[in-house]
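Read off the chains here:
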Amino acid sequence: MASNRSLLILPGDGIGPEVMEQVRRVVGWFDRKAVTFEVEEDLVGGAAIDAHGIPLADETMERAQDADAVLLGAVGGPKWDDLPFEVKPERGLLRLRKEMDLFANLRPALCFDALVEASSLKPEIVAGLDIMIVRELTGGVYFGSPRGIEDIGGGERRGVNTQIYTTSEIRRVAAVAFELARKRGGRVCSCEKANVMESGVLWREEVTKLHAESYKDVELSHMYADNAAMQLVRNPKQFDVIVTDNLFGDILSDEAAMLTGSLGMLPSASLGSADATGRRKALYEPVHGSAPDITGQGKANPIATMLSFGMMLRYSYDLPAEADLVQQAVEAVLASGRRTADIMAEGAEEVSTEQMGDAVLAELEKLSA
Ligand code: NAD
């Protein structure tokens, strides 16, 4: 029997609690089978504002720092839209990312066979697609200084942002990409704009150096980020792992996500540095938000959050077989024609959030029988 793994669940707002209810059932299923979890639960976002007046209490932050992994639903909603920026629900999420120093954002783009038709690209381009985008999340132009808007006289103003990367910032995110590639297809494509940006030249040099020092077994290629944007829609299956900076990663990961269809299907992970025992701080969450337009109607698709839990099994708990099981169960449900409203197709059977949970659990049982 496996040892305990600590897990902090933060359902958050809107559809967050609804989808998390179904994910908890999946966690419970594994708990009963073989893998024991030590689950705690707490508030984040609007739910925390209502309870404590702030979007993330200090005690919750501490629990997140102590947990092996954090699973978050979604935050935000119209109820809290008029609050000042510093106390909005989203600040809770930003605080988690910042204080846990989650510098590597992992966004898989996986196209399930049953959903091939939902992509805006031709089926043969996306069928079997399985790529991973690793985005640097805590540096680059979103955080660099100087920044701001200044008056420069004569009715002119100047807006400034600064793209900055240091050796260690580049190396640590590249290392995550190389490690991932070792567990996947063994290939990393590093994207920047070394043709026009010094920070891009440094990025390319440092990734190349790290590769030569420690990851020669992984195949490394380099691509300008604008070309990568084109290649993602021309022939996305040429990629295995893409590693890139904060700005380019923001754009490329959204582009890759759309290759696969619905927001309700997309998981993500954000990882921090490994400690002496190899344990990394980690936050797993669906890409989607709190979807206030469908909250409380049983329409939310819980699969993105279930797949986020699957990523947790793989990357925080090193349980690849169990992670595969989650993915296979989702695949089987989709292949059987059951769909939540967001991924509904002609001839399919529309199911509620809870029925989707029932279906995934039933498939887990079948697969493990
Ligand atoms: P959203 O992702 O919540 O919703 C966009 C659209 O996709 C909506 O029509 C919604 O119904 C649909 N959708 C999203 N997730 C779905 C799911 N699991 N199943 C079925 N349909 C789904 O984005 P938005 O409408 O721009 O934002 C709503 C709120 O969420 C805002 O307060 C925003 O700030 C917040 N938000 C939070 C996060 C987060 O917590 N990480 C991310 C994005 C937005």
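Residues numbered from 1 in each chain as written. Predicted model: local features only at pLDDT ≥ 70, side-chain atom pairs only at ≥ 80, totals over all residues. Heavy atoms only, no water.

Participant: Explanation requested: the side chain of Glu 363 in the structure shown.
Facilitator: Along the chain, Glu 363 turns up in helix 12 (residues 353-368). Reaching out from Glu 363, the side chain makes a polar contact with the side chain of Arg 338 at a distance of 3.3 Å. Apart from the residues within four sequence positions on either side, Glu 363 is in contact with Ala 329, Ala 332, Val 333 and Arg 338. (Helix = DSSP H or I, 4+ residues; strand = E, 2+ residues; numbered from the N terminus. Polar contact = N/O pair within 3.5 Å; in protein donor to acceptor, adjacent residues only side chain to side chain. Contact = heavy atoms within 4.5 Å.)

Participant: I tried to follow the site of the ligand on my own but got confused; where do I start?
Facilitator: Surrounding the ligand, one finds 20 residues, the nearest of these being Glu 90, Gly 289, Ala 291, Asp 293 and Asn 301. Between the ligand and Val 75 there is a distance of 2.9 Å, counted from an oxygen atom to a backbone nitrogen or oxygen. At 2.8 Å from an oxygen atom of the ligand is found a side-chain nitrogen or oxygen belonging to Asp 293. For the ligand, whose accessible area on its own is 800 Å², the fraction buried by protein is 68%. The class makeup of the residues in the shell around the ligand is nine nonpolar, seven polar and four charged. (Near = heavy atom within 4 Å. Areas by Shrake-Rupley, 256 points an atom, 1.4 Å probe, with all protein chains shown as cover. Nonpolar A, V, L, I, M, F, W, Y, C, P; charged D, E, K, R; others polar.)

Participant: I would appreciate a short explanation of the pattern of salt bridges in the present structure.
Facilitator: Side-chain pairs of opposite charge can arise whenever the charged atoms involved come near each other. Under the defined criterion, the tally for this structure stands at 26 salt bridges. The partner of Asp 217 in a salt bridge is Arg 182, and the shortest N-O contact between them spans 2.8 Å. Remark: Arg 182 occurs in helix 6 (residues 167-183) and Asp 217 occurs in the loop between helix 7 (198-214) and strand 9 (219-224); sequence separation between them is 35 residues. With a shortest N-O distance of 3.3 Å, Glu 363 and Arg 338 are connected by a salt bridge. With a gap of 25 residues between them, Glu 363 in helix 12 and Arg 338 in strand 13 (residues 338-339) connect regions that are remote in the sequence. Judged by relative accessible area, Glu 363 falls into the buried class, the value being 8%. Several salt bridges converge on common partners, so that one network encompasses Glu 40, Asp 42 and Arg 63. (Salt bridge = Lys/Arg side-chain N within 4 Å of Asp/Glu carboxyl O. Buried < 20%, exposed > 50% of the residue type's maximum accessible area, 1.4 Å probe, protein only.)

Participant: When you look at the sheet that holds strand 5 (residues 130-136) in this model, what are you seeing that I'm missing?
Facilitator: Where strands meet in a sheet, backbone hydrogen bonds hold them as pairs that are either parallel or antiparallel. Spatial strand order, 2-1-3-12-11-4-5-10-8-9: ten strands in an open sheet with mixed pairing. For this open sheet the edge positions go to strand 2 (37-41) and strand 9, each flanked by a neighbour on one side alone. Shown here is a sheet whose adjacent strand axes are inclined to one another by a mean of 20°, direction ignored. When strand 3 (residues 69-74) meets strand 12 (residues 280-286), the two strands line up parallel, connected through two bridges. Among the inter-strand pairings, Leu 71 is bridged to a residue of strand 12, identified as Tyr 284. Packing against the sheet, helix 4 (residues 89-99) makes contact with strand 1 (5-12), strand 3 and strand 12, and its axis sits at approximately 150° to strand 12. The sheet contacts of helix 8 (residues 225-234) involve strand 5, strand 8 (187-192), strand 9 and strand 10 (241-244), and relative to strand 9 the element is tilted by about 100°. (Pairing = 2+ DSSP bridges. Axes fitted to C-alpha atoms, helices over the stretch in contact; angles between N-to-C directions.)

Participant: Mind showing me how you'd approach helix 12 here?
Facilitator: Working note: α-helix, 3.6 residues per turn, so residues spaced by three or four point in the same direction. Taking 1.5 Å as the rise per residue, helix 12 with 16 residues should run 22 Å; its terminal C-alpha atoms sit 23 Å apart, in good agreement. When we look at burial in helix 12, the residues that qualify are Thr 353, Met 356, Gly 357, Ala 359, Val 360, Leu 361, Glu 363 and Leu 364. Contacts made by the buried residues of helix 12 are with helix 1 (16-33), helix 10 (303-315), helix 11 (320-335) and strand 13. (Expected span 1.5 Å × (residues − 1).)

Participant: Teacher, can you tell me more about the packing of aromatic side chains here?
Facilitator: For the coordinates displayed, the defined rule picks out six aromatic pairs. Here Phe 37 and Phe 309 contribute two aromatic rings whose centre-to-centre distance is 5.7 Å and whose plane-to-plane angle is 65°, an arrangement assigned as edge-to-face. Here the residue Phe 37 occupies a position in strand 2, and Phe 309 occupies one in helix 10, the gap between them amounting to 272 residues. Their ring planes at 20° and their centres at 4.8 Å tell us that Phe 178 and Tyr 215 sit as a pair that is stacked. In this pair, Phe 178 sits in helix 6 while Tyr 215 sits in the loop between helix 7 and strand 9, placing the two residues 37 residues apart along the sequence. (Phe/Tyr/Trp six-rings, centres within 6.5 Å; stacked < 30°, edge-to-face > 60°.)

Just distances and angles here, no functional claims.
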